[in-house]
Every structure is written in structure tokens, then in C-alpha cells.
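Reading the structure
Each chain is listed here by its residues.
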Amino acid sequence: MTRRLALAAARALAPLALVRLALVRVALVRVVLVPVALVSPVVAAEPDARVLAAVKAQEAPLRETLAGLVDVDTGTGFVPGLSRVEATLRARLEALGAEVEIRPAPTFGGNTLIGTLKGTGARKLMLLVHYDTVFGEGDAAKRPYTERDGRAYGPGVADAKGGIALILHTLAALKTLDFARFGTITVVFNPDEERGSRGSHDTIHAVAAEQDAVLSFEPSFADEAVDAATIATKGINYASLTVTGRSAHAGGAPEAGRNAVTELAHQILQLQDLGDPRKGTSLHWTVVAGGTKPNIIPDQARAEGDMRYFDEAEYDRVLAQGRRIAEAHRVPDTQVTFGLNKGRPPLPANPETRALGARAQAIYREIGGDLKLVEIGGGTDAAYAFQPASPGKPAVLESLGVVGGRYHSADEFAVLDSLTPRLYLATRLVMQLSEEAPAR
Ligand SMILES: [Zn+2]
């Protein structure tokens, strides 16, 4: 999950292929309940005993893997740590039978690993998560991996090293089950998600375009310790306002000046309602600067804002509306520019993601689990895997990683009891998706 994990605001209901039984808000996250009868037999099936045994056998080794990953600092851009973990991941993937390709992620440093396993079937599946964290050099030594009271702690233990461990041990479980009826499984581990994946998102987007389904292993993003998968994430755009006026002596000749700060204040007030709660669009002005000395009428002022959205068309709407509104000045002879820079796109609600979510819920019910489906205000790499030009190919589902909470804080944790259910979920998902008829 990227920094500033702002959980969802309310948003309008889009027409969907599946009828929603009910909507339940858990804190700020919208939880979508899909009617059981539409997606699976009403009575939950029994667990697949062979799979359950195979994944239970992976739990202890998974915890060892997780400890090893957490105990190396991999803050975005901290290349010595990223390289160490990259070498470990490469060796692990190769030991599982994958061919591994390394692609540089130049913006912050580090590499994206692309591991490919070939099977006997036709379906192409991708397992995705990042191996960078928000934490600094030395944090792993200060707070090494620990387990207490049913939870694991340490930098990035849930976001997203738990997801990496789950991917590796899902592959290990499939191996012990002798399961190879997929066409290919492509594992993508990227080193810069916490800084917007600026050096890896093109790779993620291109590799994902080849797939039938993409499973992304960020942790659960519902309330703390609540078991959920994510079916929609917001995109982010960066808004800016710049005002140029004219400086003058504030005591001697104030009338000769054109106060850029006054104009900026006016613009912020008239541009504060560009959001559209029905569509889940928000725009908040969050940073301001202007002026230099108390006795000078300021000639420069600027503001920055944070826009979140689900609907791609909102970029054009907000930009056009913002520019039109900004034409009305309070201080004459000032120049005002309203801008909007694109950041991470959204993973919009879509029928294929919802169907994948419903499938995950049905698998969870086999082991007595209850998986929520949530839409969140933060953004993840699932949005880069999603292909707006061919929605649903691949189908993308997020938050198949561990259940946890307090991400990006020193108290970040993973729920140990979630490891076996999550391994079961990922393993069964890969098996079911492999055995489907090729899509369209
Ligand atoms: Zn993350």
C-alpha cells in the first residue's frame, strides 16, 4: 500500500453484473457482500483435504521465510538491502523451478524480478507484490521479526513481506501437490511500490497485459485484523495552484502591489468543492506557501492538493471545472494557474474483479472463513495491472496477502492465524483458475 493510506470515502453505486445483497460500512471502508447463491452452491463445500494438508505443512517454513525477509531493511531506494532481498528472492524462485528475469527499476534503484513457471495448461496467472517498505536503514535491527500474542511484528511484516512469503509458499504447496495444470505462473516482485512504483509500473502493466488473471498480495485493508480482499482502489492526482502578483512595500505603497497570498486564499475557497462524493472523488488543498517578509506585499503564492477518484473521467471534469472557476479573481492583475498531474490510476469496480472476489469468498467458506470485499481510498499496484483498454483481461484481485494492521507504523503486525487460510486461498485460487477454459 502506498503512503498516506486514506481509506475510502463513500461513493456512488455503479450498476454491476452481480446484485449486491447489502452494503455494510466498516469504519471508512465500504464492504460489499455478494449474495452467496449467485456465485457458489449455498452450502459451503468441504475443504480440499489434500490442499489443506499441503498448506498446513507450509506454515512453519513460511514464518521462517517471513522472518528472514523482515530482518533485512528494504526501504524504497535503499539499494544494499533491496539487493540482498533480490538475491534471496531470485534463489527461492529458481529453486521452485522458475526462470527469473531481472529488470532495473531506475527511479529509486533496485530491480523488478519476473519469475516464470511453465505448466501443462493454457491459463496465464500472475502473482504480484512489492518488496520495498516505508522503513529506514537500521529499523530491522531495532525491531527484528518477533511473534507475540498471535501476531508477528517487524518492518513491513504485513506490507508486503507477508505477501512475498505467501507467494513463495503457495508455489511450494503447488509443488508438493504436483500441480502444474496452469499455462504459466508469472511472479512479479517490484522494489518501489511505496514511492508510486515509478520505476516498475510500466513493467507491471506490460507483464499483466499478457495474463488471464492477476492476484496481488498486499495485506487486507479493512479495519485492523479484519479479513478482506480489495476489489477497487482509488487513483490519485496532484493538484496545484500558482498565483503571481506584484510585490510592493507593505507600508509605503501597498496599493502598487497585487497580493498573491490574498488571491490564493480566494482561489482555495472557491476551489474547495471540486470533489464529487457520489462518484467517490475528493480534492483537498493540503499545502500552501507564499510571501517572503512581513513588510512586502507578496508576488508569489502556491498551493498543492490531493485528488482521489475511482472514475477515470473525473480527471478531465475536475481540470476543466477548476480552470473555469479559477478565472474569477479577487485581486485584479494576478495570474492564476490551476494544474492537475496524474499519479497512480484507480482499480475501478468491475465485474471480473468482483467475480474473482466472489470466487475467493467461496474458497474461504470451504475452511469456515468469512472474507469481506472492500473498496479503498488508497492505491496499489493492482491499478497498474488493470488494463483500462481491456477491462477484465486480466481479471485483477488485490489483498491476497496477510491479514494485519497499523501498516507503515512501528506497530505494524500480521495475524499469524491468517497464514494458513491465506495459503489455502491462494493455492486453491491458482488451481481453480488454471483449470478453467481459456478466456474469450
Ligand atoms: Zn504495500
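This one's a predicted model, so the numbers in the text were calculated from it and none came from an experiment.

1. Brief notes about helix α11 (residues 419-435)
- Here α11 spans 24 Å end to end across 17 residues, near enough to the 24 Å set by a 1.5 Å rise per residue.
- With 13 of its 17 residues buried, α11 lies for the most part within the structure.

2. Focus: the sheet that holds strand β18 (residues 395-397)
- Pairing in this open sheet of 6 strands is mixed, and the strands run β3-β4-β8-β5-β9-β18 from one edge to the other. Two strands bound the open sheet, and with one partner strand each, they are β3 (99-104) and β18. Here the average twist between neighbouring strands, direction ignored, is 15°.
- Sheet strands touched by helix α3 (residues 79-95): β3, β4 (111-118) and β8 (184-190). Its angle to β4, the strand with the most contacts, is close to 5°.

3. What to know about the UniProt feature "active site" (unreviewed entry) in the protein
- On the UniProt side, "active site" (unreviewed entry) is annotated at positions that read D132 and E193 here. Taken along the chain, the residues just named run across 62 residues; in space they keep tight, none of their C-alpha pairs more than 6.8 Å apart.
- Position of D132 among the secondary structure elements: in the loop between β5 (124-130) and α4 (139-142).
- Every residue in contact with D132, bar those within four places of it in the chain, is listed here: T74, G75, T76, L82, G110, P191, D192, E193 and E194.

4. Comments concerning unusual backbone geometry
- For the bond from D159 to A160, the omega torsion is 5°, close enough to zero to count as cis.
- Relative to the helices and strands, A160 is located in the loop between β7 (151-153) and α5 (161-176).
- With an omega of 5°, the peptide bond running from K393 to P394 counts as cis.
- Mapped onto the elements, P394 comes out in the loop between α10 (382-385) and β18.

5. Thoughts on helix α2 (residues 49-70)
- The end-to-end C-alpha separation of α2 is 31 Å, in line with the 32 Å expected for 22 residues at 1.5 Å each.
- Within α2, the axis deviates most sharply at E59, by approximately 40°, and proline P61 lies no more than four positions further along.
- Residues of α2 that are buried include every one of V51, L52, A54, V55, Q58, L62, T65, L66, L69 and V70, and no others.
- For α2, the secondary structure elements touched by its buried residues are α3, α4, β7, α5 and α11.

6. A short note on the confidence of the model for the protein
- Here the protein averages 91 in pLDDT, and 89% of its residues register 70 or above.
- Every residue in residues 3-28 is under pLDDT 50, and counting partners more than four places away or in other chains gives 61 contacts.
- A low-confidence stretch, residues 34-42 stays under pLDDT 50, and its non-local contacts, those more than four residues away or across chains, total 16 contacts.

7. Considering the pairing of β4
- By the criterion of burial, β4 is predominantly enclosed, with 6 of the 8 residues buried.
- Where β3 and β4 come together, 6 bridges link them in antiparallel fashion. Looking across to β4, one finds that P104 is bridged to N111.
- Following β3, the chain reverses through 6 residues before pairing antiparallel with β4; G109 in that reversal takes a positive phi of roughly 100°.
- Two elements, β4 and β8, share 6 bridges in a ladder whose sense is antiparallel. When the bridges of β8 are listed, K118 appears paired with T184.

8. Looking at the environment of A426
- In this structure, A426 sits in helix α11.
- Judged by C-beta crowding, with 26 C-beta atoms within 10 Å, A426 ranks as buried.
- Sequence separation of A426 and G401 is 25 residues, and the distance between their C-alpha atoms is 8.9 Å.
- When sequence neighbours within four positions are dropped, the list of residues in contact with A426 reads L166, T170, L215 and L400.

Procedures and definitions
- Residues numbered from 1 in each chain as written.
- Predicted model: local features only at pLDDT ≥ 70, side-chain atom pairs only at ≥ 80, totals over all residues.
- Helix = DSSP H or I, 4+ residues; strand = E, 2+ residues; numbered from the N terminus.
- Expected span 1.5 Å × (residues − 1).
- Buried ≥ 20, exposed ≤ 12 C-beta atoms within 10 Å, placed from the backbone.
- Pairing = 2+ DSSP bridges.
- Axes fitted to C-alpha atoms, helices over the stretch in contact; angles between N-to-C directions.
- Contact = placed C-beta atoms within 7 Å.
- UniProt positions renumbered as here; feature names shortened; annotations may be inferred.
- Bend = angle between axes of the 7 residues up to and from the residue.
- pLDDT = per-residue confidence, 0-100.

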